[in-house]
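Chains, contacts and geometry: an overview
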Amino acid sequence: MLLREFELIIEYQNDERVISDLMLKNNLVYSEASVLYYNLNWKEKCRKFSLETRCITSMFARLFSGVKTQNEWKILVQCCDKVFDDRVLSYGGVISTQVKLNYANFCRLSEKDKKTCALELLMNGIQKIASIKKWNLEPFISVKEQIISLNYNNTWTWKLIRKNSMEVKVICQHCVDNVAIFLIINDINGNTILDEKVITELPDEWAYSKYLGDIKIEKNKISLVDKKKKIYKSFVI
């Protein structure tokens, strides 16, 4: 199995007193009250945290060449105010462990500091797992150092085509709050003809990858084609 994926999530414990109150007030069974408790107290926090840390976890995965493991293809680091389960667990190819995080403090951080914190949390989890599994840490440390050297800037070229004396490329810029996708066209001499932001989406592959199907060049018409093979945006040069 090739380990290639990484994710940070919020891990929480049910507040049994609150759930009991919800059961009484709303005439619910325990499972229903637990879902309501999550929706009221944790759903938005969990979603926001996953989105805001995806910038770093996706960058780590993109730069990581992969490590062969016995069963694991993904590392899941569960972040919580207080570690209540110190084990390293593996299920269905996903290996997970808990690390400490003050979520309220994380929310107050700047964008740059959120990136720094996300990388630190991820590495804390990786080091804990690698110690138990006796994995070589060097490939993980190498990626960490690359991210730091790039100033945590998760920007990459999705596709580049040279045709009709033009260079056309799509650049993805993955930030904490969003992903911006740019279409850039240069002439044969390297002069920029077009530099246009064509998409702004949520900072998650599920949100923006649907736009990345192909680049279509027809004489002086350049189009970004989505994964359904429909033209999303066109420019005449």
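What comes next is a walk through the structure.

Compared with the 33 Å implied by 1.5 Å per residue over 23 residues, the 33 Å span of helix α5 (residues 111–133) between its first and last C-alpha is a close match. The complete set of buried residues in α5 reads Lys-114, Lys-115, Cys-117, Ala-118, Leu-119, Leu-121, Leu-122, Met-123, Gly-125, Ile-126, Ile-129 and Ala-130. Positioned one or two residues after α5, Lys-134 has a phi angle of 60°, which is positive.

Moving on, we come to the sheet that holds strand β4 (residues 74–80). The strand order β2-β4-β6-β5 describes an open sheet built from four strands, whose pairing is mixed. The sheet is open, and its two borders are formed by β2 (5–10) and β5 (89–91), each paired with just one other strand. Averaged over all neighbouring strand pairs, the angle between strand axes comes to 25°, with direction disregarded. By the bridge criterion, three bridges tie β5 to strand β6 (residues 94–100) in an arrangement that is antiparallel.

Time to look at the environment of Asn-164. If you trace the backbone, Asn-164 turns up in the loop between β7 (154–163) and β8 (166–174). C-alpha separation for the pair Asn-164 and Lys-219, spaced 55 residues apart in sequence, amounts to 7.0 Å. One polar contact links the side chain of Asn-164 to the main-chain carbonyl oxygen of Lys-219, over a distance of 3.3 Å.

Procedures and definitions
Residues numbered from 1 in each chain as written. Predicted model: local features only at pLDDT ≥ 70, side-chain atom pairs only at ≥ 80, totals over all residues. Heavy atoms only, no water. Helix = DSSP H or I, 4+ residues; strand = E, 2+ residues; numbered from the N terminus. Expected span 1.5 Å × (residues − 1). Buried < 20%, exposed > 50% of the residue type's maximum accessible area, 1.4 Å probe, protein only. Pairing = 2+ DSSP bridges. Axes fitted to C-alpha atoms, helices over the stretch in contact; angles between N-to-C directions. Polar contact = N/O pair within 3.5 Å; in protein donor to acceptor, adjacent residues only side chain to side chain.

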